[in-house]
Amino acid sequence: MDKVMRLASEKGVVIFSKTSCCLSYAVNILFQELGVSPVVHELDQDPEGREMEKALMRLGCNGPIPAVFIDGKLVGSTNEVMSLHLSGKLIPQLKPYQNLS
């Protein structure tokens, strides 16, 4: 769990993903469309990926991926991100990390 929290806190917007996960891809594209370049950690490419998945579940993720962190805090998976976006609460959280010209 320490590694997950350390990685989640290194940048403003972090996604824990797997290379084959279409939902992770969709969340990543949403952030990019909103002017944010998230850091993506591919769990299937990390030797500690299985343990990190378990740690994400212990932190409260419904499914282990995608797991989205903003400002070091767990937001959740695709459903939580989309709910925040549709309710207008996502963009204010992303404002400090947007790189729109």
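Residues numbered from 1 in each chain as written. Predicted model: local features only at pLDDT ≥ 70, side-chain atom pairs only at ≥ 80, totals over all residues. Heavy atoms only, no water.

- Where an unreviewed UniProt entry is consulted, the chain appears under the name Glutaredoxin domain-containing protein, with the organism given as Ziziphus jujuba var. spinosa.
- Taken from UniProt, the Sequence similarities (unreviewed entry) comment for the chain reads in full: "Belongs to the glutaredoxin family. CC-type subfamily."
- Within the UniProt record for the chain, the comment given under Subcellular location (unreviewed entry) is "Cytoplasm". (UniProt positions renumbered as here; feature names shortened; annotations may be inferred.)

Some words on the overall build of the chain
Logical step 1: Per the secondary structure count, the chain includes five helices and four strands.
Logical step 2: When the helices and strands of the chain are read in sequence order from the N terminus, they spell out α-β-α-β-α-β-β-α-α.
Logical step 3: Its C-alpha radius of gyration of 13 Å places the chain within 12% of the 13 Å reference for a compact globule of 101 residues.
Logical step 4: Principal-axis analysis of the C-alpha atoms gives the chain an extent of 35 × 25 × 20 Å.
Logical step 5: Split into buried and exposed, the 101 residues of the chain put 42% on the buried side.
Logical step 6: By sequence separation, contacts in the chain at least 24 residues apart represent 63% of the contacts at least 6 residues apart.
Logical step 7: For the chain, the computed accessible surface area is about 5800 Å², with 52% contributed by carbon and sulfur atoms.
Logical step 8: When the 10 positive and 11 negative side-chain charges of the chain are each reduced to one mean point, those points stand 4 Å apart. (Helix = DSSP H or I, 4+ residues; strand = E, 2+ residues; numbered from the N terminus. Rg over C-alpha atoms; globule rule 2.2 N^0.38 Å. Buried < 20%, exposed > 50% of the residue type's maximum accessible area, 1.4 Å probe, protein only. Contact = heavy atoms within 4.5 Å. Areas by Shrake-Rupley, 256 points an atom, 1.4 Å probe, with all protein chains shown as cover. Lys, Arg positive; Asp, Glu negative; His and termini not counted. Charge placed at Lys NZ, Arg CZ, Asp CG, Glu CD.)

Overview of the environment of Ile70
Logical step 1: You can see Ile70 is positioned in strand β3 (residues 67-70).
Logical step 2: Overall, Ile70 belongs to the buried group, its relative accessible area being 4%.
Logical step 3: With 38 residues separating them in the primary sequence, Ile70 and Gln32 have C-alpha atoms 14 Å apart.
Logical step 4: The residues touching Ile70, leaving out its near neighbours within four places in the chain, are Gly12, Val75, Leu90, Gln93, Leu94 and Tyr97.

Here's the deal with helix α4 (residues 78-86)
Logical step 1: Looking at α4, one finds that the buried residues are Thr78, Val81 and Leu84. Angular distribution of buried residues about the axis of α4 spans 135 degrees; they occupy a single face of the element. When the buried face of α4 is taken as reference, the exposed residues oriented beyond 90 degrees from it are Asn79 and Leu86.
Logical step 2: On its buried face, α4 sits against α2 (22-33), β3, β4 (73-76) and α5 (90-94).
Logical step 3: Backbone geometry just after α4 places Gly88 at a positive phi near 80 degrees. (Arc of directions from axis to C-beta.)

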